[in-house]
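# An overview of the molecular structure
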Amino acid sequence: MIGRTAAEAISEGSRLAEFSRLFLANRSAMLGATIVLIAVVVALLSSWLAPTDYARTNMLFVWEPPGDDFVLGTDALGRDVFSRLIVGARVSLTIALSVLAIALTVGTAAGMAAAWNGGWIDSLVMRTADITFAFPELIIAILVAAILGPGILTVIISLSLVSWPGIARIVRALVLTLRGELYIDAAIVCGTPPTQILLRHCLPNIVPALIVRASVGVGFIVMAEATLSFLGLGVQEPLPSWGGMIRDGLTALRTDPHLSLAAGAALGTTIIGFNLLGDGLRDLLDPRIRER
Amino acid sequence: MKPLLEARALSVHFPVRGTSMSGDSRLLRAVDGVDIEIGAGETLGIVGESGCGKTTLGRAILRLLEPTGGSIRFDGMDVTRATGAALAPLRKSVQAVFQDPFGSLNPRMRVSDIIGEPLRNLGWPRPRISARVAEVMEIVGLPPEYASRHPHAFSGGQRQRIGIARALAPSPRLIVCDEAVSALDVSIQAQILNLLKDIQRDFGVAYLFVSHNLAVVRHLSHRVAVMYLGRIVELCDEGRLYTAPLHPYTTALLSAVPEPDPERPNRPVVLEGDLPSPIDPPPGCTFHTRCPVAKPDCRATAPALREIEPGRFVRCHFPGSFRQAEVTS
């Protein structure tokens, strides 16, 4: 058997090329992608990029203003704010991506199980989702975090708990639509087990929608993590997080506003970056919107 | 001889929510007490107009729909409510070819994965699957080099060949063809029908061939069942059914087939009225509302499916009272 024919390679290649062309032409999506890329690179290289140890205190240099020695000055314990900001990117993104991975896995599995089986499984999953939706997400996260006690793991668990229902709902709706497809009937007739049908036939068809949902969702997760850390329920000292840095800077907001503002700017820019990327991807991957 | 597939009093009823405020739910009798048998290597054609339940019958036999009554036996085993391992013999030996060759192939899969799917489900090792895929592609007239392509690279007729290759791959004993050629051009239809015939000759597979097209069914079938409102109204071998139909509905259907001989202009019997609702079937004989020879008896009592001659079943109080001769003379 020969490999792919030239015509097919061209047609598949041109689909990718078409996608790249549209993506490059979408300025807000490109801006979002650039911001996200910078944040990810900074997070990955934080150990090398940070000029000093983020946890090293120096009582001789507390409340230093931004200057030559310290790009963004120092905090109440004499720690380098710029280094803490960079390491904070790693902490925030690690938490956000962990939550996203858990929420996507659990949400997809629950949504698929609900759509395929119907009956009490469907009721259980969807009523649980409804209950979660009935409260503001952040309130539930704060409640769970307060029960579990502060820490990174707490942040991941509580934010995963409020993030999966949205994904489960989308997946359920998409799988219900796909169930009507004739090729799903064909798979049932030739004996494909349900899990295989869901993974091989359904999953590839819902991935574009999940990518869009995920890139928009990251923004919320980053902000929620900052909120929990701001309230002292999240990342604990000496590990920096943007939310915690905003809180630490509040006491000196009048005299040294840069402490809170630097972390706030990093947080805001990252969230905007993810949202722009998500909106851009939705425009490109959802054909109904693209045709408008 | 034991039939390969046997359906007894098979029914598929769907609950329909009442339109009235009382919210009472009624039943849509899509398939209502159907008895069929298919022998090994035989083709049973099912004909009828849209909404007569022929597709539902096929889907029930494939266990894509749960039968609400009656039984299905495959090779002597009751598979009416079988699940899991008990359903495995049916899933191996009964395959399907669907109407829409565009919808029945997953656009994201390669042809080799589509045709190999039933074999993977049987736990075949990869090299054996590739060999069998190439073999069945050859049988259905597709160059095996095309195995790595996606369905969008093929025409409608070629896609239907892919669907047939998938059905044929696990060497089934029965293939349910649901309007398998209706979506194709007439010239392609003939090719596909001949392919199905060759496959039957070479491999002895049986077909349940569902179609609204009488000519297509005749070309392929040994026996033909005519369905009306979820029930079989006439069932016999292809020769007698097409030359001397006994049920007035069959007569009317046949008269509507265009006559290729210009010297003999065909005069179709135009049935009055629409197909009655399967939610509210008429009392007595369900066909009496449109029957050209209905008598008062037909409104009162429902006729049973009777064996009038050996192997010839008709559901009519007055079989043969409405003959083709009266129409075409």
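Below: a short report on this structure. All values derive from a computational prediction rather than experimental measurement.

## A short note on the overall build of chain B
- Counting secondary structure elements, chain B contains 11 helices and 12 strands.
- Since a compact globule built from 329 residues should have a radius of gyration of about 20 Å, the 21 Å found for chain B is in line with a globular shape.
- If you line up chain B on its principal axes, its C-alpha atoms span 65 × 55 × 45 Å.
- Buried residues in chain B amount to 43% of all 329 residues.
- Of the contacts formed within chain B by residues at least 6 apart in sequence, a portion of 64% connects residues at least 24 apart.

## Considering the interface of chain B and chain A
- Counting residues at the interface gives 25 residues for chain B, matched by 20 residues for chain A.
- Within the residue set of the side of chain B that touches chain A, elements represented by two or more residues are helix 2 (88-93), strand 6 (94-97) and helix 3 (111-121) of chain B.
- In terms of residue class, the side of chain B that touches chain A is built from 10 nonpolar, 7 polar and 8 charged.

## Concerning the nonpolar core
- If you look at the biggest cluster of nonpolar residues, it comprises 164 residues, and the most contacted ones within it are A165(B), L174(B), L208(B) and V226(B).
- Broken down by element, this core gets its largest block of residues, 18 residues, from helix 4 (residues 81-117) of chain A.
- Contact partners of L174(B), with chain neighbours within four places excluded, come to L4(B), L5(B), I38(B), S93(B), V94(B), V205(B), A206(B) and L208(B).

## Focus on the environment of L253(B)
Residue and element names in this part refer to chain B.
- Tracing the sequence through the fold places L253 in helix 9 (residues 248-255).
- Residue classification places L253 among the buried positions, given that 22 C-beta atoms sit within 10 Å.
- Linking L253 and E49, residues 204 residues apart in sequence, is a C-alpha distance of 8.9 Å.

## Quick notes on the sheet that holds strand 9 (residues 223-228) of chain B
Residue and element names in this part refer to chain B.
- Read from one edge of the open sheet, 8 strands run 6-7-8-3-9-10-12-11, paired in mixed fashion. Two strands bound the open sheet, and with one partner strand each, they are strand 6 and strand 11 (306-309). The sheet shows a mean angle of 25° between the axes of neighbouring strands, taken without regard to direction.
- Relative to strand 9, strand 3 (residues 43-47) runs parallel, the two being bridged by 4 bridges. From the neighbouring strand, I46 faces strand 9, where its bridge partner is A225.
- The strands touched by helix 9 within the sheet are strand 9 and strand 10 (231-237), with strand 9 carrying the most contacts at an inclination of about 105°.

## Details of the pairing of strand 8 (residues 206-210) of chain B
All names here are of chain B.
- A large share of strand 8 lies buried, amounting to 5 of its 5 residues.
- Alternating residues of strand 8 divide into A206, L208 and V210 and Y207 and F209, and every residue in both groups is buried.
- Of the pairings in the sheet, the one linking strand 3 to strand 8 comprises 4 bridges and is parallel in character. Looking across to strand 8, one finds that I46 is bridged to V210.
- For the handedness criterion, the β-α-β arrangement of strand 7 (residues 174-178), helix 6 (residues 186-203) and strand 8 is classed as right-handed.

What counts, and where the lines are drawn
Residues numbered from 1 in each chain as written. Chains lettered and ligands numbered in written order. Predicted model: local features only at pLDDT ≥ 70, side-chain atom pairs only at ≥ 80, totals over all residues. Helix = DSSP H or I, 4+ residues; strand = E, 2+ residues; numbered from the N terminus. Rg over C-alpha atoms; globule rule 2.2 N^0.38 Å. Buried ≥ 20, exposed ≤ 12 C-beta atoms within 10 Å, placed from the backbone. Contact = placed C-beta atoms within 7 Å. Nonpolar A, V, L, I, M, F, W, Y, C, P; charged D, E, K, R; others polar. Core = buried A, V, L, I, M, F, W, Y, C linked by C-beta atoms within 7 Å. Pairing = 2+ DSSP bridges. Axes fitted to C-alpha atoms, helices over the stretch in contact; angles between N-to-C directions. Right-handed = clockwise from strand over helix to strand, strands pointing away.

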